[in-house]
Structures are given as structure tokens and as C-alpha cells.
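Overview (structure and organization)
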Amino acid sequence: MQPTAIDALLQETRTFPPSEAFRQQANINDPTIYERAAQDFVAFWAQQAEQLLEWFEPWQTPLEWQPPYAKWFVGGKLNACHNCVDRHVRTWRRNKAALIWEGEPGDTRVLTYGDLHREVQQFASALKSLGVRKGDRVCIYMPMIPEAVIAMLACARIGAPHSVVFGGFSAEALADRINDAQAKALVTADGGWRRGNIVPLKRNADDALRHTPSIETVIVYQRIGGDYTVNMQDGRDHWWHDLTRDAPLTCPPEPMDSEDLLYLLYTSGSTGKPKGIMHTTGGYMTGVTLTAKWVFDLKDEDIYWCTADVGWVTGHSYIVYGPLSNGATCILYEGAPDYPDRDRFWAIVEKYRATILYTAPTAIRAFMKWGEQYPQKHDLSSLRLLGSVGEPINPEAWMWYHEHIGGGRCPIVDTWWQTETGAIMITPLPGITTTKPGSATRPFPGIAAAILNDQGQPVDANHGGYLVITQPWPSMTRGLWGDPERFVQTYWSKFEGRYFTGDGARQDDDGYFWLLGRVDDVINVSGHRLSTMEVESALVDHPAVAEAAVIGIHHEIKGQGVAAFVIVKEGYTADEALQNTLKQHVAQKIGAIARPDQIIFTAELPKTRSGKIMRRLLRDIAEGRALGDTTTLADPAVVQALKEKYEGQEE
Ligand code: 7RM
């Protein structure tokens, strides 16, 4: 975040206490919960795990903690799918809507818990009949359709960890993730819809499958059909509808150990290779079930809508596992916020009378820019709570969300967390916390956070530092798939015994946390994590590129955009055509979210004497600031020349 933005945050003084009416009906409204949880955080979580989940067998020990390895609810047995589906169908919820699906071209479907129970069992049976066994990894590369959720739950049911790959990722990104996980099966669709266009998922998958020897079986759901045909390889590829038609209608849930792997989810770190974040069953389910219940104040009457894609952790925890474990009704939407028009979200809120909306600041800033006439066209009076996630929300966007979407009456929960944390970590509790626009407020009960300086000492109030989590929590990642060293190195080496988040933060005089953005080489584009090295590797993969340095730059809507400084090889012309070619190349290698906003050609890159690229200086240049300290540079003239050249290009 830019210094000016931080200064603005420091001056933010508006406060929004919960209304008396909201407080009275809230799932949690007793402020002493914070102290009570802190007194014995293990007992607090153990009590929640026992009350909120159904266990096939009780655990013996609530926590075994050998930093950095935690085991929660040791010896307990449960199944995540059973907790999200089976236990509800025994009650009146059997005929309650679990998923309300709105497809982009306007097709819709409602699945009750009973429907979900049947469909999940059929698909789980189909997976088994294809030889998928407990412990086998299943990759899911799907559009936002109910079958994506069904596939995840079916995997959980049979104990086959899923690895969902976002449908916007490229064939190459898909292949990398399949290979790292050594997935045995791939679940995909012929295509998905986005802004009236077909996303060619099966064709991408076919490209990936040329380089993924571990995959034995591919299951293809027909989302598009009609004239749109895809290649089906005999013996390997199967249509979802063929398999499930004859599949056994019952498939009992596998009793899983609390510490058995539930899923892998790949996320970007500061080096090029994506990390396979591991989440296990008992602790993860405890974390997401409780946070969904308290943070979103989920009730049986709610119509809850989280606009994330199931390809990200937000979709895993707060479309699938958290809300369904609570027996909630969830909206699932396939398309974009501006198709067919910019009022699409508000039309959906009105159509289904959504009561809770959880979205990202990047979307809110786009809505702000489009103007309040779009939400004004619709009746949004059903909304009672709003959430934000993925990146810091600027106070201006917070206020706009509050007024124009929330009608001034809905509490806003700004939720800070990560793929690695599994569940929400820093957040208001809507029936307790007085909110301040731009602050994620306080750690959730049972979570302990601190802000440290380089020496590992807590910083004073109003001083920035590194955000760390100081004690284990149930939904914490159990590590990186196949790379224990990197796990220790990335999260547990900077400060001993404490989890390093990679984020900067400060606390104000009231102890409220204000997130200041990443302090590593991760950039956050529209709430999605990208590593600068990942984009650099994609660039140098192009024959015209000799060297590349990538940085995140301030972007009005996306929060951060991607800027790439590129040295062109001899014989290539550094012109606009090449800029476009390179942007396209990156989009094709990684996915559209990684497409650089700017390509800046340069003859040299500013480097330290030891050869490290000084990204800080590149950021100064790209954001038009005065250059910081250049004394450690091997050749200070390089950066001066670059700055002049860049300022010339900008005009
Ligand atoms: C849930 C998710 C994690 C990174 C994290 C932060 C940033 C997320 C907030 C936020 C400020 C927030 N998982 N981040 N939420 N920053 N305020 N409320 O986004 O693994 O994809 O990203 O996102 O930098 O480290 S994630």
C-alpha cells in the first residue's frame, strides 16, 4: 500500500457499533467470549469441535503441538461430507435448499440437501467404480456449477483429497498442479460460460493431459453441449452423465482420521513454484464451521451468497464446507459481475432475496466506478450483513458498500485470512464489534496475533510491522505437499515458534488491526495471489525476452496491477506489438489474472552488487515516486536512466 493510503487509514475515526436489533438476534453477542476463549484456547476449540460437528469416534487429545506441526482432535474420526450433507438430511433440512445455482446464460437450478445427498453419493460411487481410493488425489477443474461442489463433497466422502484448480488457469498451470499432486483422476467440464463466451475447459485439459502421466481417468460434465463438441479419449475419458446414470445410489461416508488430508489447494508464494497447501479434516471443519456461524451470523432462514470461485480458498471454506456444515442455503453464480449488465449482482440479490453477501474489495471498487444507479435499480432490502475478503478494503470503498449496498443498516465484516489459515482469522463479530472502515478489527476468539519488528519484538501501537499468529489454531495448514523444508522456511523461520503471515499490519490505540499488504514478493491482483517470480518465469520463457523483473503497482480497481520491466534480446524490436505479444504470452502461460498491465522495456535492471534485482526501486519508478536509497546499487546510473525513460513512456 502507498504511504498516502496508510496516512489516510491513520486518520480514520468513524465507528459503527452493531445496532441493538442486530446484536440481540446474533449467534454470538457476548463480548466476554474473547477472554473466555483466550483463557484456554485449546479447551475453547475442543468444546466447539464437539458441539458443532458429528464425530464417528471421539478424539483422545485435543492438541498435539510440536512447532511447527500441529495435530488437532487426535484419534477422532469424522467425515467432512457427512457433516455437510448427511446429518442435515435426517432433519427437516432434507427439503431445504442447499444450493441455489444461477448460471450465466440465465439457467438456474435449486438443489435441496436431499438432492445433494443423492447426487454426491452417485458421483462418489462413480469415482470408486473408476478405481479412485482413499488417499488418491483428484484434480477438479470446473466452472461454477453445482457439479463442482458435488465433486468436492464426493471426494471428501470417499477420502480422496481434492485439488481444485481455478477454471481461469491455463493448461500449463493445470498440468503443473496435477503433476505436483500426482493426481490420479481429473474432473472437468466441456466448458463454462463467461461473458457470453465459452471457457474451453476440456480443450485446456487435453493440452495439460499430454504432460500428466499420473492421470488415469478423466470425467467430463456436459455444461455446454449442443454444437460444442470436445474430444473424448477412449478408455480414459468418461461423461459424467454416463457414469452416474448407473452408479449405486448409496455410498457410505468413509470414517476419516481427524488428521487425514481433506484437500490440497495450490497458492502462489514468493518463489515461482505454486505451493500445495494441505488441509486436514477435523481441525479445518471446526474452523470453517464456527467462523461461518459467528462471522456471517448464519441462520436457517438466511440466503447466503459468497461471490468467490470454488477454485480459491474462499470458495472452499465459505461456499462449500463452512456454510453447508451449518446447513445454510447458498447461492452459486457462474458468471461475471458485469454480464449481461453491470447490475447482475443486484438482480441476483433481489431475485433470491439474499440476506448475506460476501465479496471482494476489487468488485466493490468496480461497482463504485460504474455508479450507484445499478444497485439503485434493485430492491436490496433483504440484505442484513455484508462481508469483504481478499485484500485491504479502503475506507472509501467500505463506506460506499455500507451506504449503497447495505442501505446504512448492515454490519460489514472485513475478514482477514489466507489459504494457509484455512478459516477467517481477523474479523469483526457482527453482534459484538464496533467496526471502523478499513480495519479488520480483532483476532477471532481463540486466535492470537501480534505485530513484530525485524528483531521479533512487538511494535508499539500505530507502528507497522510483520503480522504473526502466536499460537496454533485448528484450521491451520498442516504443511506444503511434498515440500516440508519450504513449509518451515516460508512460515516458521523468520520468528521462532510463530507463524509468519507475509503481511504487514499495525494496531491502533484500541488494539484494532489494520492490514497493510504483503511484505514479500507476492502481489495481490483483484484479491488473487500471484508471485512476481511466476510472472517473470512466464516472460523469460518467450524467445524475445532476455530478462524480466515484475512488481505489483497500485491499481485503482484491482488493488494491485502487474508491471514488468523487460530486457529484450538482440534482434527483437521493443515496440507496442511486442508489449501486446508478451502480455498475451503471460495470460496463456498462467491465466488471464496474471496478464501484465504494463510492460516497460529497459536496457538494464537495477541490481545490488550481489546481483539481486531491487524491486523497491522499480516500484518507486512505476508509481512515480522519488527514488529511495540507491547506495547499494552496483550502478546507480541504471536506475536514473530507467526512471527518465519510464517517465517519457508514460506521457
Ligand atoms: C482469503 C484469501 C491471502 C492474502 C493475505 C493478505 C490478503 C486477504 C484480507 C487481506 C487485507 C483482508 N486467501 N488479504 N484478506 N488483506 N484485508 N480482509 O484471500 O491466500 O488467496 O490470500 O490476501 O495479503 O495474505 S489468499
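The structure under discussion appears in the preceding block.
As a starting point, this report considers the structure included with it. As the structure is a prediction and not an experimental result, all values here were calculated from the model. (Residues numbered from 1 in each chain as written. Predicted model: local features only at pLDDT ≥ 70, side-chain atom pairs only at ≥ 80, totals over all residues. Heavy atoms only, no water.)

In this section: the overall build of the chain. For the chain, the count of helices and strands is 21 helices and 30 strands. With respect to the principal axes defined by its C-alpha atoms, the chain has extents near 70 × 60 × 55 Å. Counting every position in the chain, which comprises 651 residues, the buried fraction comes to 63%. Sequence-distant contacts in the chain: of pairs separated by 6 or more residues, those separated by 24 or more amount to 72%. (Helix = DSSP H or I, 4+ residues; strand = E, 2+ residues; numbered from the N terminus. Buried < 20%, exposed > 50% of the residue type's maximum accessible area, 1.4 Å probe, protein only. Contact = heavy atoms within 4.5 Å.)

Summed over all chains, the structure comprises 45 salt bridges. Across the salt bridge formed by R36 and D30, the nearest N and O atoms sit 3.0 Å from each other. Note on R36: relative accessible area 44%, which makes it partly exposed. Residue D30 is classed as partly exposed on the basis of its relative accessible area of 29%. Of the charged contacts, one joins R518 and D520 as a salt bridge, the two residues approaching to 2.6 Å between their closest N and O atoms. (Salt bridge = Lys/Arg side-chain N within 4 Å of Asp/Glu carboxyl O.)

Our focus in this paragraph is the packing of aromatic side chains. All told, the structure shown has 39 aromatic pairs when counted by the stated rule. With 5.8 Å between their ring centres and 85° between their planes, Y284 and Y321 make a pair best called edge-to-face. Of the two residues, Y284 is situated in helix α11 (residues 281-295) and Y321 in helix α12 (residues 313-325); the sequence distance between them amounts to 37 residues. Side by side, Y284 and Y321 carry an identical accessibility label, which is buried. Linked through ring pairs, W65, Y69, W473, F487, Y491, W492 and Y499 together constitute an aromatic cluster. Lying across the ring of Y34, R442 places its NZ or CZ 3.8 Å from the centre. Directly above the aromatic system of Y466 lies the positively charged group of K494, at a separation of 4.4 Å from the ring centroid. (Phe/Tyr/Trp six-rings, centres within 6.5 Å; stacked < 30°, edge-to-face > 60°. Lys NZ or Arg CZ within 6 Å of the ring centre and 35° of its normal.)

Turning to the packing of helix α18 (residues 532-540) against helix α19 (residues 576-589), a few remarks are in order. Contact pair α18 / α19: the axes reach a minimum separation of 9 Å and the direction vectors enclose 120°. α18 and α19 meet at a crossing whose hand is right-handed. For the pair α18 and α19, contact is made by V535, A538 and L539 and by L582, H585, V586 and K589, respectively. Tallied by class, residues from the contact of α18 with α19 come to five nonpolar, one polar and one charged. (Axes fitted to C-alpha atoms, helices over the stretch in contact; angles between N-to-C directions. Left-handed = near helix turned anticlockwise from the far one by under 90°. Nonpolar A, V, L, I, M, F, W, Y, C, P; charged D, E, K, R; others polar.)

At a minimum axis distance of 9 Å, the contact between helix α5 (residues 80-89) and helix α6 (residues 113-129) shows a crossing angle of 125°. On the basis of the axis angle, α5 is oblique to α6. The two elements α5 and α6 meet at a crossing, and its hand is left-handed. The segment α5 lies against α6, with C81, C84, V85, D86, H88 and V89 engaging Y113, G114, L116, H117 and V120. The class makeup of the residues in the contact of α5 with α6 is seven nonpolar, three polar and one charged. (Parallel < 35°, antiparallel > 145°, perpendicular 65-115°, else oblique.)

So, about the site of the ligand. Contacts to the ligand come from 17 residues, most closely from D414, T415, T419, D503 and R518. Between a nitrogen atom of the ligand and a main-chain N or O atom of T415, the distance comes to 2.8 Å. Here R518 contributes a side-chain N or O atom positioned 2.7 Å from an oxygen atom of the ligand. When the free accessible area of the ligand is taken as 530 Å², the share hidden by the protein chains comes to 96%. Mapped onto the shell around the ligand, the elements with two or more residues apiece are α12, β20 (412-415) and β25 (513-518). (Near = heavy atom within 4 Å. Polar contact = N/O pair within 3.5 Å; in protein donor to acceptor, adjacent residues only side chain to side chain. Areas by Shrake-Rupley, 256 points an atom, 1.4 Å probe, with all protein chains shown as cover.)

Right, let's talk about the environment of R498 for a bit. Of note, R498 is situated in the loop between α17 (484-492) and β24 (499-507). Classification of R498 as partly exposed rests on a relative accessible area of 25%. Placed 245 residues apart in sequence, R498 and P253 show a C-alpha to C-alpha distance of 36 Å. R498 has contacts with L452, G456, V468, I469, T470, Y491 and W492, leaving out every residue within four places of it along the chain.

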